[in-house]
Amino acid sequence: GMEAVEFWRWSNKDLEAVETALRETQVPLAGILCEPIAALTNDADHERFLAGVRESLAVARRLNAPVMIAQAGPEQDGISRAQQHASIVKVLKEAARIVEGSGVVIALEPLNDRVDHPGYYLTSTEEGLDIIDEVARPEIRLLYDIYHSAVMGEEVTVLEGRLDRVVHVHLADAPGRGEPGSGAMDWADRLEWLEKQGYAGLVGLEYRPTIGTVEGLAFRF
């Protein structure tokens, strides 16, 4: 009954087996990770990231994945946030040229630094949206993770007026990052807001099951 599947790293997968399974089941692949995870906040790491964009794009096209998820990387000591922000914008503009015309979008993902990703630079959905607007390329969009946003104390209304920048959504409950219903977050209200505002994309269930995997998928909206 799944509408789609997704996974993180492609570099540790048997791509031939994945390709075969996708073909046999006719289940689409929603997205993969853009590897390697690099520090977009650091100009010195940009060439490595861009080389990875090319490699990841080849895999995305092979598996018909429309989204490659990119992370901003850690905050850099001794470099102002303004410089790091500008560095992310710069390299994503270059990455947009690589994927142009491919049908694949790079999705930049804000994460929380309070629980799961200490030291991560991009913790603000608003700043993520600002970066998307400054890059100003249709190939660069935002991945909105409901869990990470909630952990950072944000409301889903942070997307007000700019929801069209979002290409994909992730969901886990909080606290705990378990299946919906395992925590105390108003996740159903947040999903309802997204739907009412016109979001028609996929919602990836990115959580750690607190019960059996199949049982965890039995929740109802």
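See the structure shown above.
These numbers come from a predicted model, not from an experiment.

A. Spotlight on the overall build of the protein chain. Counting secondary structure elements, the protein chain contains seven helices and seven strands. Taken from N to C terminus, the helices and strands of the protein chain fall in the order β-α-β-α-β-α-β-α-β-α-β-α-β-α. Here the protein chain has a C-alpha radius of gyration of 17 Å; the compact-globule value for 221 residues is 17 Å, and the two agree. Seen along its three principal axes, the alpha-carbon backbone of the protein chain occupies a region of about 45 × 40 × 30 Å. If you take every contact in the protein chain between residues at least 6 apart in sequence, the share linking residues at least 24 apart comes to 74%. Taking the average location of the 21 positive side-chain charges in the protein chain and that of its 37 negative ones, the two points are 4 Å from each other.

B. Spatial organisation of the packing of helix 2 (residues 46-63) against helix 3 (residues 81-99). With their axes 10 Å apart at the nearest point, helix 2 and helix 3 run at an angle of 30° to one another. Here helix 2 lies roughly parallel to helix 3, going by the angle between them. In this structure, the crossing between helix 2 and helix 3 has a hand that is right-handed. Here His46, Phe49, Leu50, Val53, Arg54 and Leu57 of helix 2 come into contact with helix 3, specifically with Ser87, Val91, Glu94, Ala95, Ile98 and Val99.

C. Here's a closer look at the nonpolar core. Among the nonpolar cores identified, the biggest contains 61 residues, and Ile32, Phe49, Met68, Leu92, Leu108, Leu159 and Leu194 are the most heavily contacted of them. Setting aside anything within four residues of it in sequence, one finds Leu194 in contact with Ile146, Val156, Leu159, Leu163, Val169 and Tyr199. One finds Val67, Ile69, Ala107 and Leu143 within the second-largest nonpolar core, a separate group that totals five residues.

D. Representation of a nonpolar patch on the surface. Residues Met2, Val5, Val203, Leu205 and Leu217 make up a contiguous nonpolar surface patch of roughly 360 Å² in combined accessible area. Relative to the helices and strands, Leu217 resides in the segment after helix 7 (213-216).

E. How the structure looks around the sheet that holds strand 5 (residues 140-145). Read across the sheet, seven strands follow the order 1-2-3-4-5-6-7 without closing on themselves; strand pairing throughout is parallel. Strand pairing shows two members of the sheet lacking a second neighbour, strand 1 (5-6) and strand 7 (203-205), which therefore form its edges. Sheet topology note: the strand 2 (residues 29-33)/strand 3 (residues 67-71) ladder contains two bridges and is parallel. Residue pairing for strand 3: Leu33 is matched across the bridge by Ile69. Of the strands in this sheet, strand 3, strand 4 (105-109) and strand 5 touch helix 3, which is tilted by about 155° from strand 4.

F. The pattern of salt bridges, seen in detail. Under the definition given, this model contains 17 salt bridges. Each of Asp130, Asp133, Arg162, Asp164 and Arg165 takes part in salt bridges that share partners, so that together they form one network.

G. Highlighting the pairing of strand 2. Strand 2 sits mainly inside the fold: five of its five residues count as buried. Bridge analysis of strand 1 against strand 2 gives two bridges, and the strand direction is parallel. Bridge assignment links Glu6 to a residue of strand 2, and that residue is Gly31. Between strand 1 and its parallel partner strand 2, the chain crosses via helix 1 (residues 15-25), and the hand of that crossover is right-handed.

H. Seen up close, the packing of helix 3 against helix 4 (residues 125-135). For the pair helix 3 and helix 4, the least separation of the axes is 9 Å and the interaxial angle reads 50°. Comparing the axis directions of helix 3 and helix 4 gives the class oblique. The two elements helix 3 and helix 4 cross, and the hand of that crossing is right-handed. Here Arg81, His85, Ile88, Val89, Leu92 and Lys93 of helix 3 come into contact with helix 4, specifically with Glu127, Asp130, Ile131, Glu134 and Val135. A per-class count over the contact of helix 3 with helix 4 returns five nonpolar, one polar and five charged.

I. Spatial organisation of the environment of Ala39. Its location among the elements puts Ala39 in the loop between strand 2 and helix 2. Counting along the chain gives 144 residues from Ala39 to Gly183, while the straight-line C-alpha distance between them is 32 Å. Beyond its immediate chain neighbours, meaning those up to four positions away, Ala39 contacts Asp45, His46, Ala72, Gly73, Pro74 and Gln76.

J. Molecular detail of unusual backbone geometry. Following Glu35, the chain continues to Pro36 via a peptide bond in cis, the omega torsion being -5°. The topology assignment puts Pro36 in the loop between strand 2 and helix 2. A cis amide bond links Ala174 to the next residue, Pro175, at an omega of 0°. Of note, Pro175 is situated in the loop between strand 6 (166-171) and helix 6 (187-196). In this structure, Asn64 is a non-glycine residue whose phi angle is positive, near 60°. Among the structural elements, Asn64 can be located in the loop between helix 2 and strand 3. For Asn64, a relative accessible area of 62% gives the class exposed. With a phi close to 55°, Ala136 is a non-glycine residue in the positive phi region. Residue placement: Ala136 occurs in the loop between helix 4 and strand 5.

Criteria and cut-off values
- Residues numbered from 1 in each chain as written.
- Predicted model: local features only at pLDDT ≥ 70, side-chain atom pairs only at ≥ 80, totals over all residues.
- Heavy atoms only, no water.
- Helix = DSSP H or I, 4+ residues; strand = E, 2+ residues; numbered from the N terminus.
- Rg over C-alpha atoms; globule rule 2.2 N^0.38 Å.
- Contact = heavy atoms within 4.5 Å.
- Lys, Arg positive; Asp, Glu negative; His and termini not counted.
- Charge placed at Lys NZ, Arg CZ, Asp CG, Glu CD.
- Axes fitted to C-alpha atoms, helices over the stretch in contact; angles between N-to-C directions.
- Parallel < 35°, antiparallel > 145°, perpendicular 65-115°, else oblique.
- Left-handed = near helix turned anticlockwise from the far one by under 90°.
- Core = buried A, V, L, I, M, F, W, Y, C linked by side-chain atoms within 4.5 Å.
- Buried < 20%, exposed > 50% of the residue type's maximum accessible area, 1.4 Å probe, protein only.
- Patch = residues over 30% accessible without salt bridge, like charges linked within 9 Å, V, L, I, M, F, W, Y side chains within 5 Å.
- Areas by Shrake-Rupley, 256 points an atom, 1.4 Å probe, with all protein chains shown as cover.
- Salt bridge = Lys/Arg side-chain N within 4 Å of Asp/Glu carboxyl O.
- Pairing = 2+ DSSP bridges.
- Right-handed = clockwise from strand over helix to strand, strands pointing away.
- Nonpolar A, V, L, I, M, F, W, Y, C, P; charged D, E, K, R; others polar.

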